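Descriptive structure summary
The primary structure of each chain is shown beneath.
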There are 4 protein chains.
Amino acid sequence: MEKMNVKPATGKLGVLCVGLGAVTSTFMTGVLMARKGLAKPVGSMTQYDKMRVGRGENKKYLHYGEIVPLATLDDIVFGAWDVYPANAYESAVNAEVLQEKDILPVKEELEKIVPMKAAFDHNYASRLDGDNVKDCKNRWDMVEQLREDIRNFKAENNCDRIVVLWAASTEIYVPVEEKVHGTLAALEQAMKEDDKEHIAPSMCYAYAALSEGCPFIMGAPNTTVDIPAMWELAEKTKMPIAGKDFKTGQTLVKSGFAPIIGTRCLGLSGWFSTNILGNRDGLVLDEPANFRTKEVSKLSTLESILVPEDQPDLYTDYYHKVRINYYPPRNDSKEGWDNIDIFGWMGYPMQIKINFLCRDSILAAPLCLDLVLLSDLAARAGRFGIQRFLSFFLKSPMHDYTENEIPVNHLFQQYAILKNAIREMGGYEADQEID
Amino acid sequence: MEKMNVKPATGKLGVLCVGLGAVTSTFMTGVLMARKGLAKPVGSMTQYDKMRVGRGENKKYLHYGEIVPLATLDDIVFGAWDVYPANAYESAVNAEVLQEKDILPVKEELEKIVPMKAAFDHNYASRLDGDNVKDCKNRWDMVEQLREDIRNFKAENNCDRIVVLWAASTEIYVPVEEKVHGTLAALEQAMKEDDKEHIAPSMCYAYAALSEGCPFIMGAPNTTVDIPAMWELAEKTKMPIAGKDFKTGQTLVKSGFAPIIGTRCLGLSGWFSTNILGNRDGLVLDEPANFRTKEVSKLSTLESILVPEDQPDLYTDYYHKVRINYYPPRNDSKEGWDNIDIFGWMGYPMQIKINFLCRDSILAAPLCLDLVLLSDLAARAGRFGIQRFLSFFLKSPMHDYTENEIPVNHLFQQYAILKNAIREMGGYEADQEID
Amino acid sequence: MEKMNVKPATGKLGVLCVGLGAVTSTFMTGVLMARKGLAKPVGSMTQYDKMRVGRGENKKYLHYGEIVPLATLDDIVFGAWDVYPANAYESAVNAEVLQEKDILPVKEELEKIVPMKAAFDHNYASRLDGDNVKDCKNRWDMVEQLREDIRNFKAENNCDRIVVLWAASTEIYVPVEEKVHGTLAALEQAMKEDDKEHIAPSMCYAYAALSEGCPFIMGAPNTTVDIPAMWELAEKTKMPIAGKDFKTGQTLVKSGFAPIIGTRCLGLSGWFSTNILGNRDGLVLDEPANFRTKEVSKLSTLESILVPEDQPDLYTDYYHKVRINYYPPRNDSKEGWDNIDIFGWMGYPMQIKINFLCRDSILAAPLCLDLVLLSDLAARAGRFGIQRFLSFFLKSPMHDYTENEIPVNHLFQQYAILKNAIREMGGYEADQEID
Amino acid sequence: MEKMNVKPATGKLGVLCVGLGAVTSTFMTGVLMARKGLAKPVGSMTQYDKMRVGRGENKKYLHYGEIVPLATLDDIVFGAWDVYPANAYESAVNAEVLQEKDILPVKEELEKIVPMKAAFDHNYASRLDGDNVKDCKNRWDMVEQLREDIRNFKAENNCDRIVVLWAASTEIYVPVEEKVHGTLAALEQAMKEDDKEHIAPSMCYAYAALSEGCPFIMGAPNTTVDIPAMWELAEKTKMPIAGKDFKTGQTLVKSGFAPIIGTRCLGLSGWFSTNILGNRDGLVLDEPANFRTKEVSKLSTLESILVPEDQPDLYTDYYHKVRINYYPPRNDSKEGWDNIDIFGWMGYPMQIKINFLCRDSILAAPLCLDLVLLSDLAARAGRFGIQRFLSFFLKSPMHDYTENEIPVNHLFQQYAILKNAIREMGGYEADQEID
């Protein structure tokens, strides 16, 4: 490796999770179990993927950790906030994602992860009713308390660095409001004025994290860091931000399957996606205001992969519909059913149905790990602001829409971008193009 | 374009199809209809795809025909051999793939495409019983008669160049026999000695085509040109060969979907693929000896995409099974059902089912067009022997196994190779790597 | 046959359809084609089913027409009302349900079926905008004009009897209002006072039909004849009424599949049903107010088949959800996807998925025929009011809820009731029980 | 209850299972757990179903045990034979059907169920290699040893009555051979002459059971008791026999779904059924000779439900294909995929796909319980020979083909026959007809 200017990953890495539910308890349990050699962190790119560096005769295939200095699983210390007081062990048991035998060996460690009181506003998630909640005078006070939490956690656990990860519920949809979200000054002003309508609690977490010099990752479809004010803050504090919405089940398939259609120049007349899921996420999304946030996130996927302007004969006016249904019998095992209407030679129609019986937390956990480790890496590499190279992990990748930047949703182009960033941080030459 | 050393596409291009059944009659009808502006050749890369040439500021997205000199649809003249005497119009009607309204406008032109007598051996496809068949003294005589057919067709139709395309049934499995298939001399000897066991009729077509200076394309899973003797002949006559097995329904999906799993580092424990199809192809494949040929072709897809050696935790000992079932109610509309058992974080299982209601001929027709136009291009570019860049279109891509060359089945890597070859023939710089 | 007191089916039977869209044009075309021996009326019980009459040694299996005097296909004369002026031929072509070759042989007859102006109120189906609409002073005037239409049609076509069949769109949901719908007098009063909120146009059709001595059938989920006022009218005029909502795709499957679960004493934890459909019906149902009418109709099916009170261990608190989605690419070919979560021995869960690629009009057309012929039969047999024996054909069978009568949704019990009624009208002994 | 001539169910009922694998260990565990109130015997008709007795005003709905004297769960004592020596606890754990928490509470009782040495012939199930096997001089000796086992078990466990249940693997197909299987004398002669080709080990179990005065139930598709010799023996010893092949997954659905199609007079053009399963049963069925036995059993279902002779327009020449595939990743959770091609009005095609993610043992266990309790009841009621009333539980119901008796496969007609038999044994009047 040559010319690498990334700081080494020394000391402990604190991982502070907003939300200590199914996803985070599965994430934590898996990391602790893997550390003991009792489970495999399957699905994690940082732990498994091998990618090419170099070209021609010099090319070789390496794990990410062989290219760049990543924190290891052993370096991680977990903390969390949640509106419910259950510790990580209780939460893992309640979630019914993992079998008892896969939790018990790390019970003691999990029990020690007790959630701090959450910064919460019932109006943003009316289906939740926990009371492990901070008492805040206003949004600015909320920020101050969260900052203090971060500082305390860092000191108590002797951490070198902290990453803050939102893995809590989807809040109600907050449209971007130029007057409030357009500049950092305006945002701070609104926080101080306690503008509850425009300042979601998640924004307080993000503000607190960035101010404390911690990368922030938005795993839900909330627009939290998708606003110019936060970009300004990230630039100011030189911190990376990543989001939004973990790319888990149906959208993972969509972002991988749409390229098959597009690459073969087959036409598309319609794509109908429906989902049934029964966990807390499903309950929250059963509320139309919260679903709206998700729908906006999920609908965008196809548009940038199958582009009418590029191929008007093939992709003009296809009908794309996404539905999410709360369905308690399924619990954490969400299920997607997609019907895809394509057409081929001479316009003749064909159909593809995809039925994905997946598990939300099982798919999200490795994304948590990768986003945390790669955000920490980015911070040490001096990369700040929107991290496009993390689009691979996200349903609705952040992009600077004020500059008309187009997000990349094509799974394999996202992968090319991811690899290029790793190459660059590792001192290797990146490929110049991704298609 | 700079430094292009490809001969221009002047004059008529004769396309001689072995088999005038559902696939070829759909292919021909579509080309003739598209020529009149009455149908769109959807699914054809040469007619639709736009690819990047150049890099950085110099990059642009062009159609293939803007990069390299391709024959146009107007240049094409069709001919065929078949064991049944029906002309292309009758065949298109019998196939029940296209609606009457999509055939009638080119009825006259189709009626003129009357099949020449086929070179046929009932032992290689016992379910077929047509009698529009050549009387041949031996395999060598079979070759001689086919060569004469090609010369006559070329002269009568005033063609500049000819491409021969096998779009007929799957023959019974012919394992590669070093003594017969190992060298051109041995093959010719066996033909003269009428070694019916080792010389499939398809080999006579390929031999005849190459000897007459025509590229040969194998659209079925027959091993026809997958033998060193044919490679030697292709080298001698400086002609391209391509094969084998059109990548139409289930394998298209598989070669695109397996990369989704692999790219996300998810594990695979099993993949079960079943097919129901009712056309002539299904009837032939209902015969175990013929199915064996197909099975070998279809099973290979996964192995080179999800590689146990590279990721032993994820891809060791997955169970892969492929079934094809003759099912007359479905006619040409074949249907695939795939069940994919994957596992994620901590080894937890999930399932994906894909149900593809596709149409064999609708998916195969644009492949015929692309393979013909690109093989003709390759010939003019002086590229001979195995055309790896056409792997994109084929279920079981040819590769020099005597040199332990590994075939590329990953759809998006195949696409990268295809684009690189077009770039090179167009005088642009190719990307150095495909992953 | 002995002791039969059913009037014979002499002379012409006029069939007046409300709505001349996909369903009715398919119905009419099929009847006319079948009359010429050019198509088979598949799916029609009156044309195909054979049922047992008699018992033990005396039992025999007869077609319905051999047991009771049914009108024949040759007796039928068609008429219609519609908000669009297209005649039945144009409508059949526009609907894209049937292929041209299956319509052309009866083109002339279809062209003669020109719709009368519809009694319409835009508020009840806001997505429709046709203008072949009557100008009515008030609801009572609407009734008067419809009665005149019926009388004219009967006279002009020399009909012996008329049946009126609603096969038009779903109106918005009209809850039963005791003050308006509770008695015939109240209903008539409201019509005269032009109470547009409580009197749907469909009620005017029903009132007109019954007043003119014609049976009335409600093929949509409208509550039109599901009100005591209409029951009173039916009793007064001694006319049968039947409804509501043709049992076509998903509910047909549900009413047949739920009994499999129930009969084997398997448990149910959830049933999720989603639908995609693209015809005019789908467009109307995309409007929440209209969907509500449909949802009420569709949800009731399970409750009376899998009954918590009878089997608390098995059927308490199952989660039942029904979704309908307008999806234009599918046109008339609607598609249902059901996910059924059952449990067995020791409570272990299992799943069943049913994907029904059906055609709305193809399934509805034979129901139209059967409901018309059997309603006409019932009228001649002196059976009036709610016809429970027609539940077999309907999604949400009419029942006298003021008497707490429980509807029968179990497909095979409905069939038993149907057969018993035929037996009785045919002078045979009915089976005493249906389970 | 009046005039009941069924002996009471006094004392212990010994249940001797041939095979102590997934099905029987699940059956035993469930019964023992239910006895302690720790699990529900869901899916069992004898434990859950309520059926009508009486008619009109006198009708009431009763559990079977309220109508006839059934043995209770508390009366049961389990024993088994198996080629593997694992006890019932070990077998339940190995099977991976039930979770640990559902087995542990009855561990002690299960551990006491240690299999006796099996009567086994490797040629009949070549994929099995256990060595807990009897050493037998010939088939007659095999019978003698099994009879001794039965007598010993009865004495040691102080049982009043014994039922023998075959829940072991499918043997290779043994066609009925008149000379050997036609009469009891011939059968005995062949046993003494050790005719291994015609005398399957299962026949020795059946012979031993019946000779010892125990009902015999064949849960696999073996033809064991489907031969006149066994009928003669059953008549001689006045014992009931029942078979064959537990109606668990796909065939359960088929026997319930085909009636939906038939009842609505829809046409059928094809039915394709495929299965993937990974347990010991699947392994054995991967052997073509063993699959043949199963295929014959599974194919018969449709023929007697959708009958070409009765409805030639609808059911002539439909294409029915059944496939079973060994697929280890699925373990005991077998999965069926059915594609059903139907046609409706004017012959227009529609498709139904059913995907059943089921669990073999979970569906089979309640059938074991019901077949055992009802066979014991039949014996006490003096009913001997073929028990048609148990067809409900079986894939390929026994019937006297020498008298051209037609089996009933229609699930709801089977249910009617079951209820009638219970009524009769309970002293109630049966319904005279079942359709």
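Residues numbered from 1 in each chain as written. Chains lettered and ligands numbered in written order. Predicted model: local features only at pLDDT ≥ 70, side-chain atom pairs only at ≥ 80, totals over all residues. Heavy atoms only, no water.

**Structural notes on the interface of chain B and chain D**
Heads up, the condition is: Here a residue-residue contact requires only that any non-hydrogen atoms of the pair lie within 4.5 Å. Summed over both partners, buried area is the accessible surface (1.4 Å probe) that two parts give up on being assembled. Whenever a carboxyl oxygen of Asp or Glu lies within 4 Å of a side-chain nitrogen of Lys or Arg, that contact is scored as a salt bridge.
Listed as interface residues are 24 residues of chain B and, on the opposing side, 24 residues of chain D. When chain B packs against chain D, close to 1900 Å² is buried across both sides, 57% of that on carbon and sulfur atoms. Looking at the side of chain B facing chain D, the largest losses of area belong to B:Tyr319, B:Tyr327 and B:Trp337, adding up to 28% of the total buried there. Linking chain B to chain D there are four salt bridges.

**Description of the relation of the copies chain B and chain D**
Test applied: Copy-to-copy superposition: least squares on the C-alpha atoms, limited to residues that have pLDDT of at least 70 in both copies.
When chain B is fitted onto chain D, the two copies agree to an RMSD of 0.0 Å after a turn of 180 degrees and an axial shift of 0.0 Å. As the rotation angle and translation indicate, the two copies are arranged about a two-fold axis.

**Focus on the relation of the copies chain B and chain A**
Relative to chain A, chain B is turned by 180 degrees and slid 0.0 Å along the rotation axis, the superposed coordinates differing by an RMSD of 0.0 Å. Counting the interface residues of chain B, we find that 100% of their copies in chain A are interface residues as well, pointing to one common contact surface.

**Describing the pattern of salt bridges**
Quick reminder of the rule: Secondary structure counts use DSSP, requiring at least four H or I residues in a row for a helix and at least two E residues in a row for a strand, with both numbered from the N terminus. Buried, partly exposed and exposed residues are distinguished by accessible area as a fraction of the type maximum, computed with a 1.4 Å probe on protein chains only: under 20%, between the cut-offs, and over 50%, respectively.
According to the stated counting rule, one finds 103 salt bridges over all chains in the structure shown. The shortest N-O distance in the salt bridge between B:Asp376 and B:Arg161 comes to 2.6 Å. Here B:Asp376, found in helix H15 (residues 360-380), pairs with B:Arg161, found in strand E6 (residues 159-166); they are 215 residues apart in sequence, far enough to count as distant. What makes B:Asp376 buried here is its relative accessible area of 2%. Salt bridges linked by common partners bring A:Arg52, A:Arg55, A:Arg423, A:Glu429, A:Asp431 and B:Asp435 together as one network.

**Brief notes about unusual backbone geometry**
Where the residue is not glycine, phi is negative for most of them; where a peptide bond is considered, it is trans in most cases. Residue and element names in this part refer to chain C. The residue after Gly-243, namely Lys-244, is reached through a cis peptide bond having omega 5 degrees. A positive phi is found at Lys-238, a non-glycine position, where the angle reads about 60 degrees. Looking at the secondary structure, you find Lys-238 in the loop between helix H10 (228-237) and strand E8 (240-243). Overall, the relative accessible area of 45% leaves Lys-238 in the partly exposed class.

**Digging into helix H16 (residues 411-425) of chain C**
Within an α-helix, residues lying three or four positions from one another point in the same direction, as the helix has 3.6 residues per turn. All names here are of chain C. What counts is decided by this rule: To estimate how far a helix should extend, the number of its residues minus one is multiplied by 1.5 Å.
The end-to-end C-alpha distance of H16 is 21 Å, a good match for the 21 Å that 15 residues give at a rise of 1.5 Å each. In terms of burial, H16 is largely enclosed, as 13 of its 15 residues are buried. One or two positions beyond H16, positive phi appears at Gly-427, with a value near 85 degrees.

**Focus on the sheet that holds strand E5 (residues 116-117) of chain D**
Residues and elements named next belong to chain D. Applied cut-off: Strand pairing is assigned whenever DSSP detects at least two bridges linking the two strands.
Taken in spatial order, the seven strands of this open sheet run E5-E4-E1-E6-E7-E8-E13, and their pairing is parallel. Every other strand in the sheet has two partners, leaving E5 and strand E13 (385-386) as the edge strands with one partner each. Sheet topology places strand E1 (residues 12-18) next to strand E4 (residues 76-82); six bridges connect them, and they run parallel. Its bridge partner lying in E4, Val-15 is registered against Phe-78.

**As for the interface of chain B and chain A**
Inclusion rule: Whenever two N or O atoms come within 3.5 Å, that pair is a polar contact, provided that in protein one can donate a hydrogen and the other can accept it, and provided that, for residues adjacent in sequence, both atoms are side-chain atoms. Here the term charged refers only to Asp, Glu, Lys and Arg, the term nonpolar to Ala, Val, Leu, Ile, Met, Phe, Trp, Tyr, Cys and Pro, and the term polar to all other amino acids, Gly among them.
Between chain B and chain A, the contact holds 75 residues from the first and 75 residues from the second. With both sides pooled, the region where chain B packs onto chain A buries about 6400 Å², and carbon together with sulfur makes up 65% of that total. A per-residue breakdown of the area chain B buries against chain A is headed by B:Arg264, B:Trp345 and B:Tyr348, which together make up 16% of the total. The tally of links from chain B across to chain A stands at six salt bridges. Its salt-bridge partner being B:Glu433, residue A:Lys59 comes within 2.9 Å of it at the nearest N-O pair. Our count for the contact surface shared by chain B and chain A stands at 34 residue pairs in polar contact (both at pLDDT 80 or more). Classifying every residue of the side of chain B that touches chain A gives 41 nonpolar, 16 polar and 18 charged. Across seven bridges, the pairing between strand E12 (residues 349-357) of chain A and strand E12 (residues 349-357) of chain B is antiparallel. Its bridge partner lying in E12(B), A:Ile352 is registered against B:Phe356.

**A few points about the packing of helix H16 (residues 411-425) of chain A against helix H11 (residues 250-263) of chain B**
Definition in use: Comment: axis = line fitted to C-alpha atoms, over the contacting stretch for helices; angle = value between 0 and 180 degrees taken between N-to-C directions. Left-handed describes a crossing whose near helix is turned anticlockwise from the far helix by less than a right angle; the clockwise case is right-handed.
Orientation of H16(A) relative to H11(B), taken along the N-to-C sense of each, is 35 degrees, at an axis distance of 11 Å. Crossing angle aside, the handedness with which H16(A) passes H11(B) is left-handed. Along the contact surface, H16(A) presents A:Leu411, A:Phe412 and A:Tyr415, while H11(B) presents B:Gly256, B:Pro259, B:Ile260 and B:Thr263. Residues that form the contact of H16(A) with H11(B) fall into these classes: five nonpolar, two polar and no charged.

**Concerning the sheet that holds strand E4 (residues 76-82) of chain A**
Residue and element names in this part refer to chain A. Read across the open sheet, the seven strands follow the order E5-E4-E1-E6-E7-E8-E13; overall the sheet is parallel. Edge positions in the sheet fall to strand E5 (116-117) and strand E13 (385-386), since each has one partner strand and no second. Together, strand E1 (12-18), E4, strand E6 (159-166), strand E7 (216-218) and strand E8 (240-243) form the strand contacts of helix H15 (residues 360-380), whose direction differs from that of E6 by roughly 130 degrees.

**A word on the domain arrangement of chain A**
All names here are of chain A. This is how the line gets drawn: Throughout the structure description, domain borders are defined by an automatic or database domain assignment.
Partitioning chain A into domains gives domain 1 (12-246 + 361-425) and domain 2 (250-357). The C-alpha-based centres of domain 1 and domain 2 are spaced at 26 Å. Residue-level contacts link 30 residues of domain 1 with 27 residues of domain 2. The largest share of the area that domain 1 buries against domain 2 comes from Arg-127, Tyr-173 and Lys-395, three residues that together contribute 29% of it. For the interface between domain 1 and domain 2, the tally reads zero salt bridges. Between domain 1 and domain 2 we count two residue pairs in polar contact (both at pLDDT 80 or more) in total. Elements with a contribution of two residues or more to the side of domain 1 that touches domain 2: H15 and H16. Residue composition of the side of domain 1 that touches domain 2, grouped by class: 15 nonpolar, nine polar and six charged.

**Considerations on the environment of D:Leu314**
Considering the arrangement of structural elements, one finds D:Leu314 in helix H14 (residues 312-315). For D:Leu314, a relative accessible area of 1% gives the class buried. Each C-alpha atom of the pair D:Leu314 and D:Tyr415 lies 25 Å from the other, and the pair is 101 residues apart in sequence. Excluding anything up to four places from it in sequence, D:Leu314 contacts C:Val42, C:Tyr48, D:Cys265, D:Leu266, D:Gly267, D:Leu268 and D:Phe343.

**Side note on the packing of aromatic side chains**
Our working rule: Aromatic pairs are defined between Phe, Tyr and Trp rings, using the six-membered ring for Trp, whenever the two ring centres lie within 6.5 Å; interplanar angles under 30 degrees are classed as stacked, those over 60 as edge-to-face, and all others as tilted. Geometrically, a lysine NZ or arginine CZ counts as sitting over a ring once it is within 6 Å of the ring centre and also within 35 degrees of the ring normal.
With the rule as written, the count across this model stands at 49 aromatic pairs over all chains. With a centroid separation of 6.4 Å and 65 degrees between ring planes, the pair formed by A:Phe272 and A:Trp337 is classed as edge-to-face. Pair noted here: A:Phe272 is in strand E9 (residues 267-277) and A:Trp337 is in strand E11 (residues 335-343), with a separation of 65 residues, a long-range link. The pair A:Phe272 / A:Trp337 is uniform in exposure class, with both members buried. Between the aromatic rings of A:Tyr319 and C:Tyr326, the centroid separation amounts to 6.5 Å while the plane-to-plane angle is 80 degrees, which identifies the pairing as edge-to-face. Pair noted here: A:Tyr319 is in strand E10 (residues 319-326) and C:Tyr326 is in strand E10 (residues 319-326), and the two residues belong to different chains. Sitting above the plane of the B:Phe389 ring, B:Arg383 keeps its charged end 5.8 Å from the centroid. Looking at D:Lys238, its charged tip hangs above the ring of D:Phe384, at a distance of 4.4 Å from the centre.

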